[in-house]
Amino acid sequence: GQSDGLSNNDNNNRKIFVCSEFIRQVTFGTGSQVGIPRQVGTNYAHFWTWKETPGDKDKLTGNLLTAAYLDPQDALFFDEPSKPVAIYSHLITAERLQ
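What you see is a predicted model; the values in this text were computed from it and never measured. (Residues numbered from 1 in each chain as written. Predicted model: local features only at pLDDT ≥ 70, side-chain atom pairs only at ≥ 80, totals over all residues. Heavy atoms only, no water.)

## Here's the deal with the packing of aromatic side chains
- If you walk through the whole model with that rule in mind, you get 3 aromatic pairs.
- Ring geometry for Phe22 against Phe47: centres 6.1 Å apart, planes inclined by 85°, an arrangement best described as edge-to-face. Of this pair, Phe22 sits in strand 2 (residues 15-30) while Phe47 sits in strand 3 (residues 37-53), and the two are 25 residues apart along the sequence.
- Given a relative accessible area of 36%, Phe22 falls into the partly exposed group.
- Owing to a relative accessible area of 31%, Phe47 belongs among the partly exposed residues under this scheme. (Phe/Tyr/Trp six-rings, centres within 6.5 Å; stacked < 30°, edge-to-face > 60°. Helix = DSSP H or I, 4+ residues; strand = E, 2+ residues; numbered from the N terminus. Buried < 20%, exposed > 50% of the residue type's maximum accessible area, 1.4 Å probe, protein only.)

Here you go:
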């Protein structure tokens, strides 16, 4: 995979950290023919955004946006090779342990 990171301040002067990573996942399983494993490849892009929580320096709020892309071996890949086929968004809270 590949990853990049960036730190900045927003309009409310809160620190923001943005990170992206690109991952290729290969899953193996049993195929329809005995002795021939099934292989499925998927490409993901993760975009993380972390911000300071107003009034609480020990807490961060984050968002993880995951975009899933088809693999070139997929029959539908050439219908849309550059756009994600699924997008997931997760809200996250992190707190400093004392």
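## Some remarks on the environment of Ser89
- Mapped onto the elements of the fold, Ser89 is located in strand 5 (residues 86-95).
- By relative accessible area, Ser89 is classed as partly exposed at 48%.
- Placed 42 residues apart in sequence, Ser89 and Phe47 show a C-alpha to C-alpha distance of 9.5 Å.
- With near-sequence residues (within four places) excluded, Ser89 lies in contact with Asn63, Leu64 and Leu65.
- Looking at Ser89, its side chain comes within polar contact range of the side chain of Asn63, at 3.0 Å. (Contact = heavy atoms within 4.5 Å. Polar contact = N/O pair within 3.5 Å; in protein donor to acceptor, adjacent residues only side chain to side chain.)

## Section: the pattern of salt bridges
- Counted by the stated rule, this structure contains 2 salt bridges.
- Note that Asp71 and Arg24 form a salt bridge whose closest N and O atoms lie 2.4 Å from each other. Placement of Asp71 in the loop between strand 4 (56-69) and strand 5 and of Arg24 in strand 2 is noted, with a sequence separation of 47 residues between them.
- Given a relative accessible area of 43%, Arg24 falls into the partly exposed group.
- We note a salt bridge from Asp58 to Arg96, for which the minimum N-O separation is 2.9 Å. Taken together, the residues Asp58 in strand 4 and Arg96 in the segment after strand 5 connect sequence positions 38 residues apart. (Salt bridge = Lys/Arg side-chain N within 4 Å of Asp/Glu carboxyl O.)

## Overview of the side chain of Thr42
- In this fold, Thr42 is placed in strand 3.
- In this structure Thr42 touches Ile23, Arg24, Gln25 and Tyr69, once residues within four positions along its chain are discounted.

## Brief notes about the side chain of Thr53
- Within the secondary structure layout, Thr53 lies in strand 3.
- With sequence-adjacent residues up to four places away left out, Thr53 is seen in contact with Lys59, Leu60 and Thr61.

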